[in-house]
Amino acid sequence: MREYLLTLCVTAAVTYLLTGPVRKFAIAAGAMPQIRARDVHREPTPRLGGIAMFGGLCAGLLVASQLTNIGEVFTHSDEPRALLAGAGIIWLLGVLDDKWGVDALVKLGGQMIAAGVMVWQGLTILWLPIPTVGMVGITPLQGTLLTVALVVITINAVNFVDGLDGLASGMVCIAAMAFFMYAYRIWYSYGIEAAAPATLFSAVLMGMCLGFLPHNMHPARIFMGDSGSMLIGLVLAAGAVSITGQVDPDALRLFEGSEKSAVKATVPVYMPLLLPLTILAVPVADLLLAVVRRTWQGQSPFAADRGHLHHRLLEIGHSHSRAVITMYFWSALIAFGAVAFSVKSRSLVIVLAVVVLCAAGLVVLLLPRFTPRVPGWADRLVPPRYRRPGRAERAEPLDDAAPEPVGATRSGGPAARPHGSTALTDRRPSRHRDVNSRT
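Trainee: An account of the overall build of the protein is needed here, citing residue identities and associated values.
Mentor: In terms of helices and strands, the protein carries 17 helices and 2 strands. Expressed as a percentage of the 439 residues in the protein, the buried residues total 46%. Counting only contacts in the protein whose residues sit at least 6 apart along the sequence, the fraction spanning at least 24 positions is 72%. Counting every atom, the protein has about 22200 Å² of accessible surface; 65% of that belongs to carbon and sulfur.

Structure follows, in structure tokens:
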């Protein structure tokens, strides 16, 4: 565990330290596209944050290769090299798209090439766990097609959900945490070495997201762009492929009594990892809804719009921060609920806890304008918007609030005055006129 934590911390630190210089480079390179109709932000923001994330990935894998226990993964498996090769291709494609723009079909082809490179180097699905049946071997062609499909679906699911500040990186970080818990349990508790690469990938992925989040939280100073969203999607898919299709069924049979019972015991998480329906349930649902919506309207499935889940949360009245936290909550509930269910699949407490949390999530979802207030003694511990208004603030008349100086707007330019309107100074108290005259 200490070596995984060291790898995570190094990855996070390198990503965090690189993001500042990358932001300056993106501004100098002109990677600041104009505001589009579907965008939520109001000021041009630099992209290319994926450069820092790719640097953190390389640093994390380099440090892990020099450690005692994790270093054995690099000598006994080609999966880390396969991940690095596929990540390099998808990262380069994303950088080109962030700077000059790449056609959607070209990006899809590049994603398939990156997935094919990983399959060619050994990161592929070899067998599938089927409930009540057991481990089913598949042909190399079937394994290649399934691996490519899983990688492409995961990449586009993460790319589609990257619409608000800190949303994609936070949701993928939550998914990586749940994935790490599951993979580490398979590797450490059962002693299955085939789960070690997936555990390493999830630790590195957590470091990439945690290192980038401070720069990407609202209001974001830099966006990860396609170079970052496609990269973290590929890393998450690589971990899912590694642990789903590489774990030896004989090893599971040793600990569970039979191959069929082993599959039955682990299927609550195995199948969702194969068709990421729990770890990435919210992004995948958003992806499927977007494809259906655009196809129904006669548009291309790759056409951009403002119909994503996070856009709808903003439309019903949620603030930017609350919309992001709501998406975090549902992702964590589904991901960690699946992991908990895989450990204690017959526990009634887990089912009741999930039901109660779902009810709480629905209440928060349907009350977008509810603002909680904290007790007076805790005012200094929370942001100003959650503090109770003081006695002076409640007693102060509304017309005592000092308006903006005459002739100035928020941007500092001259204010436009309607024809025939009266100057604001004519209606202000004398103390406001004196202040304006001095300024």
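That shown, we press on.
Trainee: Hey, could you go over helix α7 (residues 167-189) for me, with residue numbers and the actual values?
Mentor: In this model α7 runs 33 Å from its N-terminal to its C-terminal C-alpha over 23 residues, within 8% of the 33 Å that 1.5 Å per residue would give. Within α7, 18 of the 23 residues are buried, which leaves the element mostly enclosed by the surrounding structure.

Trainee: Can you explain the pattern of salt bridges? Please cite residues and give values.
Mentor: Inspection of every chain in the model, using the stated rule, returns 3 salt bridges. A salt bridge links Asp226 to Lys107; the shortest N-O distance between them is 2.8 Å. Of this pair, Asp226 sits in helix α9 (residues 225-246) while Lys107 sits in helix α5 (residues 104-120), and the two are 119 residues apart along the sequence. Residue class for Lys107 comes out buried when judged on its relative accessible area of 14%. Each of Asp97, Lys107 and Asp226 takes part in salt bridges that share partners, so that together they form one network.

Trainee: Lay out the confidence of the model for the protein with the relevant residues and their values.
Mentor: When the pLDDT values of the protein are averaged, the result is 76; 67% of them are 70 or greater. Throughout residues 271-276 the model reports pLDDT below 50, and contacts reaching past four residues in sequence, or to other chains, amount to 19 contacts. Here residues 391-439 is modelled with pLDDT under 50, and outside its nearest four sequence neighbours on either side it reaches 27 contacts, counting other chains as well.

Trainee: Residue-level account of a nonpolar patch on the surface, with values.
Mentor: A cluster of nonpolar residues, Leu348, Val351, Leu352 and Val355, forms a patch on the protein surface that exposes about 370 Å² of accessible area. Looking at the secondary structure, you find Val355 in helix α15 (residues 348-366).

Trainee: So what about the nonpolar core? Which residues, and what values?
Mentor: By size, the foremost hydrophobic cluster in this structure holds 88 residues, and its most contacted members are Tyr4, Leu205, Leu231, Ile232 and Leu234. Beyond its immediate sequence surroundings of up to four residues, Ile232 is in contact with Met53, Val158, Ala168, Val172, Leu205, Met208, Cys209 and Met224.

Trainee: Any details on the packing of α7 against helix α8 (residues 196-216)? Residues and values, ideally.
Mentor: Interhelical geometry of α7 versus α8 gives an angle of 155° and a closest axis separation of 8 Å. One finds that α7 runs roughly antiparallel with respect to α8. Of the two possible hands of crossing, α7 and α8 adopt the one that is left-handed. Seen from α7, the contacting residues are Ser169, Gly170, Val172, Cys173, Ala176, Met177, Phe179, Phe180, Ala183, Tyr184 and Trp187; seen from α8, they are Ala196, Ala198, Thr199, Ser202, Ala203, Leu205, Met206, Cys209, Leu210, Phe212, Leu213 and Asn216. Class assignment of the residues belonging to the contact of α7 with α8 gives a composition of 18 nonpolar, 5 polar and no charged.

Trainee: Can you break down the packing of aromatic side chains residue by residue, with the values?
Mentor: Two aromatic rings are characterised by how far apart their centres lie and by the angle between their planes. Scanning all chains against the criterion turns up 5 aromatic pairs. Between Phe329 and Trp330 the ring centres are 5.5 Å apart and the planes differ by 80°, which places this aromatic pair in the edge-to-face class. Grouping aromatic residues by their ring pairs yields a cluster made of Tyr4, Phe180 and Tyr184.

Here is what the cut-offs are and how they apply
Throughout this document, residue positions are counted from 1 along each chain, in the order its sequence is written. Only residues with pLDDT of 70 or above have their local features reported here, since the model is predicted, and side-chain atom pairs are shown and tallied only from 80 upward, although totals for entire chains, interfaces and linings are computed over all residues. With hydrogens and water excluded, all non-hydrogen atoms of the structure serve as input to the side-chain values. The secondary structure listing takes helices from DSSP runs of H or I that are at least 4 residues long and strands from runs of E that are at least 2 residues long, numbered from the N terminus. Buried residues are those whose accessible area, probed at 1.4 Å on protein chains only, stays under 20% of the maximum for their type, while exposed residues exceed 50% and partly exposed ones sit between those limits. Whether two residues are in contact is decided by their heavy atoms: any pair within 4.5 Å suffices. For the area figures, the Shrake-Rupley method with a 1.4 Å probe applies, and any residue is considered shielded solely by the protein chains shown. One fewer than the residue count of a helix, multiplied by 1.5 Å, yields its expected span. By salt bridge we mean one thing: a side-chain nitrogen of Lys or Arg within 4 Å of a carboxyl oxygen of Asp or Glu. A residue's pLDDT is simply how confident the predictor is in it, with values from 0 to 100. What makes a patch is a set of residues exposed beyond 30% relative accessible area and free of salt bridges, joined within 9 Å when like-charged and within 5 Å when nonpolar (Val, Leu, Ile, Met, Phe, Trp, Tyr). What makes a nonpolar core is a set of buried Ala, Val, Leu, Ile, Met, Phe, Trp, Tyr and Cys residues whose side-chain atoms join them at distances within 4.5 Å. Only C-alpha atoms enter the line fits that serve as axes; for helices the fit covers just the stretch in contact. Angles between N-to-C directions range over 0 to 180 degrees. Orientation is classified from the angle alone, with under 35 degrees giving roughly parallel, over 145 giving roughly antiparallel, 65 to 115 giving roughly perpendicular, and any other angle giving oblique. Crossing chirality is assigned from the near helix's rotation relative to the far helix, an anticlockwise turn below a right angle marking it left-handed and a clockwise turn marking it right-handed. Classes in brief: Ala, Val, Leu, Ile, Met, Phe, Trp, Tyr, Cys and Pro nonpolar; Asp, Glu, Lys and Arg charged; the others, Gly included, polar. Stacked, tilted and edge-to-face pairs are distinguished by plane angle, under 30 degrees for stacked and over 60 for edge-to-face with tilted covering the rest, among Phe, Tyr and Trp rings (Trp via its six-membered ring) whose centres lie within 6.5 Å.

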